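Residue strings, one per chain:
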Amino acid sequence: NAGVTQTPKFQVLKTGQSMTLQCAQDMNHNSMYWYRQDPGMGLRLIYYSASEGTTDKGEVPNGYNVSRLNKREFSLRLESAAPSQTSVYFCASKLPQLSSPYEQYFGPGTRLTVT
Amino acid sequence: AQSVTQPDIHITVSEGASLELRCNYSYGATPYLFWYVQSPGQGLQLLLKYFSGDTLVQGIKGFEAEFKRSQSSFNLRKPSVHWSDAAEYFCAVEGKTSYDKVIFGPGTSLSVIP
């Protein structure tokens with residue numbers, strides 16, 4: 001099992017350019033997440049998808065769009081990149097909450113710089 | 001509003017000393033609670049979680065955490081720190097009716113002096 005994979009690992013964009021961050025998991029998890037990590041801010045939830053076909057906004061959704069392509073894949077799109085979106089982006093997945101919680105599994109991250 | 005606070009941005013301890021990392025949450029009802037650890041350049045790994053029952057939970061690597069409902073806290077402890085424990089530690093919450101939404105605190109960076 002590869003777990004949670006993210007591509008690319010590094011990316012440099014110019015202001016105004018667009019790009020899509022890809023995430024895939026092979027653990028048959030229902031729930032998937034996109035976070036950004038900035039110094040002193042911890043991980044902030046951008047969007048999440050509790051199941052295939054559904055997506056919901058997190059704490060910081062502005063400037064981003066997501067697509068839950070199928071159960072395995074959850075992509076994050078920046079339509080017009082801004083320097084404020086320079087960050088490390090993490091994708092995560094987990095089984096759905098039942099009578100007890102399940103842990104999240106994280107990808108290795110994508111380091112994005114917007115100049 | 002739902003939130004998680006970790007009052008200590010950075011903590012330095014000597015190897016062999018005890019450790020306590022603080023976590024407080026603001027939530028409508030007692031959520032599920034987690035502690036994750038992130039080593040430099042890595043993703044996050046679960047240390048332990050609490051969902052009900054005994055308020056003292058044991059995790060991996062010798063860590064434990066205590067849930068205190070009256071203080072809305074879930075503090076992480078370790079009796080004797082090892083140099084390899086130097087990392088970033090994150091507290092997280094998941095509401096029992098929030099349809100799998102997970103929110104993280106800002107993190108505490110731990111340095112260990114040999």
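Here, the structure is the one placed above.
Residues numbered from 1 in each chain as written. Chains lettered and ligands numbered in written order. Predicted model: local features only at pLDDT ≥ 70, side-chain atom pairs only at ≥ 80, totals over all residues. Heavy atoms only, no water.

Asker: Any chance you could break down the sheet that holds strand β1 (residues 4-7) of chain A for me, citing the residues and the numbers?
Answerer: All names here are of chain A. Here 4 strands make up an open sheet; going across it, the order is β1-β3-β8-β7 and the pairing antiparallel. At either end of the open sheet lies a strand with only one pairing partner, and these are β1 and β7 (64-68). Within the sheet, the average angular offset between the axes of one strand and its neighbour, ignoring direction, is 15°. Here 3 bridges tie strand β3 (residues 19-25) to strand β8 (residues 74-78), and the two strands are oriented antiparallel to one another. Among the inter-strand pairings, Met19 is bridged to a residue of β8, identified as Leu78. (Pairing = 2+ DSSP bridges. Helix = DSSP H or I, 4+ residues; strand = E, 2+ residues; numbered from the N terminus. Axes fitted to C-alpha atoms, helices over the stretch in contact; angles between N-to-C directions.)

Asker: I'd like to hear about the environment of Asn62 of chain A, residue by residue, with values.
Answerer: Summarising the element assignment, Asn62 of chain A is placed in the loop between β6 (56-57) and β7. Judged by relative accessible area, which is 69%, Asn62 of chain A ranks as exposed. (Buried < 20%, exposed > 50% of the residue type's maximum accessible area, 1.4 Å probe, protein only.)

Asker: Can you break down the interface of chain A and chain B residue by residue, with the values?
Answerer: Each partner contributes residues to the interface: chain A has 27 residues there, and chain B has 24 residues. For the pair chain A and chain B, the summed buried surface comes to about 2000 Å²; carbon and sulfur atoms form 55% of the total. Inspection of the region where chain A meets chain B yields 1 salt bridge. At the junction of chain A with chain B, the criterion picks out 5 residue pairs in polar contact (both at pLDDT 80 or more). The set of elements that each furnish at least two residues to the side of chain A that touches chain B consists of β4 (31-38), β5 (42-49) and β9 (87-94) of chain A. Split by residue class, the side of chain A that touches chain B holds 14 nonpolar, 10 polar and 3 charged. (Contact = heavy atoms within 4.5 Å. Buried area = accessible area lost by both parts, 1.4 Å probe. Salt bridge = Lys/Arg side-chain N within 4 Å of Asp/Glu carboxyl O. Polar contact = N/O pair within 3.5 Å; in protein donor to acceptor, adjacent residues only side chain to side chain. Nonpolar A, V, L, I, M, F, W, Y, C, P; charged D, E, K, R; others polar.)

Asker: Can you lay out the pattern of salt bridges for me, pointing to particular residues and giving the numbers?
Answerer: All names here are of chain B. Applying the stated criterion across every chain yields a total of 8 salt bridges over all chains. Glu64 serves as the salt-bridge partner of Arg77, at 3.3 Å between the closest nitrogen and oxygen. Here Arg77 is found in strand β9 (residues 73-78), whereas its partner Glu64 is found in strand β8 (residues 64-68), with 13 residues between them in sequence. For Arg77, a relative accessible area of 24% translates into the label partly exposed.

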